Amino acid sequence: MKSLKLFAILFFSLLTLNISAQQKKYVMVIHGGAGTILKKNMTPEKEAAYIAVLTQALKAGYAQIQSGKSSLDAVEATIHILENDPHFNAGKGAVFTHDGRNELDAAIMDGKTLMAGSVAGVTTVKNPISAARAVMEKSEHVMMVGSGADQFAKEAGLEIVDPKYFWTKERWDGLQRAIKEDSTKAVLDHGNKKSELLGIKNHDYKFGTVGCVALDKAGNLAAGTSTGGMTNKKYGRVGDAPIIGSGTYCNNETAGVSCTGWGEFYIRNVVAKTISDLMEYKGLSVNEASKIALDKVGKMGGDGGLIALDKKGNVAMPFNTEGMYRGTITADGKIEVSIYK
Ligand code: ASP
């Protein structure tokens with residue numbers, strides 16, 4: 001009788017231990033951009049809409065993982081939801097260049113094989129994340145740009161849209177505001193030399209780049225990022241998102257990373273690969289490494305955030321802006337979505 005009791009206690013404590021381990025193990029983390037996101041500027045309806053679509057995106061990726069699909073499938077499915085929603089600066093909600101065009105960037109990376117694919121400056125691919133995946137899986141290259149990348153996506157059988165598909169009133173108005181503010185600013189302070197050199201005078205024009213890192217049942221990580229870049233960017237400008245190692249990186253041995261923020265600073269600091277290197281060569285945790293890499297960006301004058309997930313299911317989501325749309329889901333399906341600090 002006594003041993004039966006002991007057995008029961010042991011059994012239930014092991015069960016509880018396993019449940020709490022499951023709860024702590026994250027299988028996906030997403031972001032929907034960082035910037036001056038303040039509660040006072042948000043309506044309850046808008047906030048609810050953001051939370052709803054972030055939740056839907058997490059569920060879409062989780063369904064892939066649960067059904068035994070790869071982390072790449074989970075990343076792609078999740079990012080499709082965010083690209084198809086006009087709230088985010090990716091796919092349908094992409095921001096405008098100075099010339100009034102939508103030029104989209106995206107990247108995806110497989111942590112198991114270190115294969116990667118990316119596209120920059122595409123204008124007709126409905127879901128640039130799928131174009132990035134096609135570059136990775138169906139070509140011998142890593143990165144394709146402009147009309148060639150559009151052409152490749154078409155030949156790969158992806159959905160092609162008229163560039164008008166990306167037109168939204170909110171982003172168009174955003175461009176008009178940016179043009180006006182930038183010219184006023186240039187007159188007032190003779191331009192901020194550094195940002196002028198970068199071709200963007202007011203950098204806070206970039207809400208809603210999207211990213212996802214997933215960990216599948218086989219223990220493989222994948223990371224992806226998709227963006228319209230920065231409002232009022234110059235012709236041909238490419239941000240960090242499609243640059244492997246800067247805005248996107250993934251390695252099963254360390255972590256998957258997707259960044260968002262003032263891209264030029266993320267490129268110059270090679271942020272995503274730095275995080276992986278700090279983990280690989282210095283033995284830092286995903287949290288410590290992410291903090292160090294983002295601090296560097298901040299010290300140089302850049303702003304933004306990032307998400308990272310390691311092979312054990314630990315996440316980091318640091319940002320140095322007022323807010324970052326972000327969310328996680330654990331192995332047992334618990335969703336958490338946040339916006340502000
Ligand atoms: N990092 C993106 C870029 O510079 C923008 C963003 O994440 O908001 O293109």
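Residues numbered from 1 in each chain as written. Predicted model: local features only at pLDDT ≥ 70, side-chain atom pairs only at ≥ 80, totals over all residues. Heavy atoms only, no water.

Under an unreviewed UniProt entry, the name given to the protein chain is Isoaspartyl peptidase, and the source organism is Pedobacter jejuensis.

Engineer: Could you clarify how one ought to interpret the sheet that holds strand β6 (residues 221-227) in this entry?
Structural biologist: The strands that make up a sheet pair up through hydrogen bonds in the backbone, lying either parallel or antiparallel. Taken in spatial order, the eight strands line up as β4-β3-β2-β6-β5-β1-β11-β12 in an open sheet, and their pairing is mixed. Two strands close off the open sheet at either side, each with one partner strand: β4 (143-145) and β12 (335-340). The sheet shows a mean angle of 5° between the axes of neighbouring strands, taken without regard to direction. Note that strand β2 (residues 104-110) and strand β3 (residues 116-122) share five bridges and pair antiparallel. Across the sheet, L104 pairs through a bridge with V122, a residue of β3. (Pairing = 2+ DSSP bridges. Helix = DSSP H or I, 4+ residues; strand = E, 2+ residues; numbered from the N terminus. Axes fitted to C-alpha atoms, helices over the stretch in contact; angles between N-to-C directions.)

Engineer: I'm lost on unusual backbone geometry in this one. Help?
Structural biologist: The phi torsion of most residues other than glycine is negative, and most of the peptide bonds are trans. With phi around 70°, N232 is a residue other than glycine that occupies positive phi space. We classify N232 as buried; its relative accessible area is 7%. The phi angle at V270 is positive, at roughly 40°, despite the residue not being glycine. Residue position: V270 is located in the loop between α8 (263-268) and α9 (271-282). For V270, a relative accessible area of 36% translates into the label partly exposed. (Buried < 20%, exposed > 50% of the residue type's maximum accessible area, 1.4 Å probe, protein only.)

Engineer: Explain helix α10 (residues 286-299) here, please?
Structural biologist: The first and last C-alpha atoms of α10 sit 20 Å apart over 14 residues, in line with the 20 Å expected at 1.5 Å per residue. Its buried side turned inward, α10 meets β8 (255-261), α8, α9, β9 (304-310) and β10 (315-316). Of the residues flanking the end of α10, it is G301, one or two places downstream, whose phi is positive at about 105°. (Expected span 1.5 Å × (residues − 1). Contact = heavy atoms within 4.5 Å.)

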